[in-house]
Amino acid sequence: MSTYRDLALPRALGSARAAGAPIGSRRATALRTVGTRERRSHLTAPRVPTVGIDIGGTKVMAGVVDADGNILEKVRTETPDKSKSPRVVEDTIVELVLDLSDRHDVHAVGIGAAGWVDAERNRILFAPHLSWRNEPLRDRISSRLAVPVLVDNDANSAAWAEWRFGAGRGEDHLVMITLGTGIGGAILEDGQVKRGKFGVAGEFGHMQVVPGGHRCPCGNRGCWEQYSSGNALVREARELAAADSPVAYGIIEHVKGNIAEITGPMITELAREGDAMCIELLQDIGQWLGVGIANLAAALDPSCFVIGGGVSAADDLLIGPARDAFRRQLTGRGYRPEARIARAQLGPEAGMVGAADLARLVARRFRRANRRRVERYERYERYAELRRDAQETL
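All of the points below concern the structure found in this document. (Residues numbered from 1 in each chain as written. Predicted model: local features only at pLDDT ≥ 70, side-chain atom pairs only at ≥ 80, totals over all residues. Heavy atoms only, no water.)

Comments concerning the sheet that holds strand β13 (residues 340-343)
As a reminder of what qualifies: When DSSP finds two or more bridges between two strands, those strands count as paired. The way it works is that DSSP assigns letters per residue, a run of H or I at least four long becomes a helix, a run of E at least two long becomes a strand, and they are numbered from the N terminus. Whether two residues are in contact is decided by their heavy atoms, any of which lying within 4.5 Å being enough. For helices, the fitted line uses only the C-alpha atoms of the stretch in contact; every axis is such a line through C-alpha atoms, and the angle between N-to-C directions lies from 0 to 180 degrees.
Taken in spatial order, the five strands line up as β11-β10-β9-β12-β13 in an open sheet, and their pairing is mixed. Looking at strand neighbours, the two that pair on one side only are β11 (192-193) and β13, the edges of this open sheet. Sheet topology note: the strand β9 (residues 173-179)/strand β10 (residues 183-189) ladder contains seven bridges and is antiparallel. For isoleucine 177, the partnering residue across the bridge sits in β10 and is glycine 185. The strands that helix α6 (residues 154-165) touches are β9, β10, β11 and β12 (304-308); relative to β10, the one it contacts most, it runs at about 50°. With respect to the sheet, helix α11 (residues 316-329) is in contact with β9, β12 and β13, its orientation differing from that of β13 by roughly 165°.

Structure (structure tokens):
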């Protein structure tokens, strides 16, 4: 069966030959034609509701999203402990989708997973905060649901949502950084997510920034997310509280001495109320964030950095210090344009919205494939009927 790519390539080559163009330029023309139409494919996707799933280190959130990025309904539950089998997480996903399907006409499911997704967007190769190891998540979920399923990295999904509906609209070169339990990342260029040869591009959180530093769940030491993430923020606060530091008296009193109850949102809340230690901790996290952004600017040179994830709720308490550190650390500072640093607009729902919107592309292909099967069946029936008529005539 001919695909769109099969049909587009000869047409583009034919127009180049008609113009007498050399072979190299003919090929370039064909690739530009195909690439442009692929980048616009989200514009032609069916305007149908889809379910987006965002799986993080602490929560699984699911929602029905329309074609304009509006959330029609959402539900959430805690992420099963990573010591449990992958089947437990799959059961959680299926239960959430079936629950939403009872009240909505769902055409596809998109899953944004906190882990490395292969280039085929089927297997979770590795998830530092979950039990997935080379897990064929797409195939397992699609075998249990009556709709097509798409799987992508959660940061890729969030970046797509911000580019389509949020802080990254209108940007041609965008880098997304998600600060949650760890650090996720994504690269968008000319309307396409850059996933790399093996599908695992954008894992910025596991860049080593401090040789021999804090141990990371990924197995290495000194990863960026150990210094600028929700886990890093909580770890520092608890260590100060456990040491009975005078600067930690405010938060110790707030949790009535139960240090295990200290959380990231609590630290942000106290910082907004003026707690000096919490403000300083967010400044430290922000400065490490700025250092990492400067390194990414040197490597990728985007026009915009979008900062999302739960920790970004601290807003200027975090992003202000990040901008300052970025300007101090940027290579060639003062002699080059500076990328814009913006807080994500879609909040913690970005990954869910992006996964749902990406899933609409699968819904389009699914519906076309179904139509082709119906058309083939109808052609076969007509052919069989003609053969029967011919035999009867003989």
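Okay, back to it.
Quick word on the pairing of strand β3 (residues 71-78)
Where strand β2 (residues 59-65) and β3 come together, seven bridges link them in antiparallel fashion. Considered in β3, the bridge of methionine 61 is made with arginine 76.

Points about the side chain of glutamate 90
In plain terms, the rule: Accessibility here uses a 1.4 Å probe with only protein chains present; expressed as a share of the type maximum, an area under 20% marks a residue as buried, one over 50% as exposed, and anything in between as partly exposed.
Looking at the element boundaries, glutamate 90 is found in helix α4 (residues 86-101). Here glutamate 90 falls in the buried class, since its relative accessible area comes to 2%. For glutamate 90, the residues in contact, after removing those within four places along its chain, are Glu135, Leu137, Arg140, Ile141 and Arg144.

Examining the environment of cysteine 304
Relative to the assigned elements, cysteine 304 resides in strand β12. Separated by 137 residues in sequence, cysteine 304 and alanine 167 have C-alpha atoms that sit 9.3 Å apart. Setting aside residues no more than four positions away along its own chain, cysteine 304 makes contact with Glu171, His173, Leu174, Val175, Ala339 and Arg340.

Here we look at the packing of aromatic side chains
For the record, the criterion: Only rings of Phe, Tyr and Trp enter the pairing, Trp through its six-membered ring, and a pair is recorded when the two centres are within 6.5 Å. The plane angle decides the type: under 30 degrees is stacked, over 60 is edge-to-face, the rest tilted.
Taken as a whole and assessed by the stated rule, the structure comprises four aromatic pairs. Residues tyrosine 227 and tryptophan 288 carry aromatic rings whose centres are separated by 5.1 Å and whose planes lie at 40° to one another, so their mutual orientation is tilted. Here tyrosine 227 is found in the loop between β11 and α7 (230-242), whereas its partner tryptophan 288 is found in helix α10 (residues 276-300), with 61 residues between them in sequence. Exposure remark for tyrosine 227: the relative accessible area of 12% places this residue in the buried category. For tryptophan 288, a relative accessible area of 30% gives the class partly exposed. Ring geometry for phenylalanine 305 and phenylalanine 326: centres 6.2 Å apart, planes at 65°, overall edge-to-face. A residue pair is termed long-range when its members are at least 10 positions apart, and phenylalanine 305 in strand β12 and phenylalanine 326 in helix α11 qualify at 21 residues.

Description of the sheet that holds strand β6 (residues 124-126)
Across the sheet, which stays open at both edges, the three strands sit in the order β5-β6-β7 with antiparallel pairing between neighbours. At either end of the open sheet lies a strand with only one pairing partner, and these are β5 (116-117) and β7 (133-135). Bridging between β6 and β7 involves two bridges; their strand directions are antiparallel. Across the sheet, phenylalanine 126 pairs through a bridge with arginine 133, a residue of β7.

Here's the deal with the environment of proline 337
Its location among the elements puts proline 337 in the loop between α11 and β13. Here the alpha-carbon distance between proline 337 and serine 303, two residues 34 residues apart in the chain, equals 8.7 Å.

Some details on the pattern of salt bridges
It is possible for side chains of opposite charge to pair when their charged atoms get near one another. Stated formally: For this analysis, a salt bridge means a side-chain nitrogen from Lys or Arg found within 4 Å of a carboxyl oxygen belonging to Asp or Glu.
Applying the stated criterion across every chain, the model contains 21 salt bridges. Note that arginine 87 is salt-bridged to aspartate 91, the shortest N-O span being 3.5 Å. Taken together, the residues arginine 87 and aspartate 91, both in helix α4 and four residues apart, mark about one turn of the helix. What makes aspartate 91 partly exposed here is its relative accessible area of 23%. In this structure, the salt-bridge partner of glutamate 90 is arginine 140, at a minimum N-O distance of 3.8 Å. On the criterion of sequence distance, the pair formed by glutamate 90 in helix α4 and arginine 140 in helix α5 (residues 137-142) is long-range, its members being 50 residues apart. According to the relative accessible area criterion, arginine 140 is partly exposed, its value standing at 37%. When salt bridges that share partners are traced, they join Glu73, Asp99 and Arg103 into one network.

Functional significance is not addressed by these values, which are geometric in nature.
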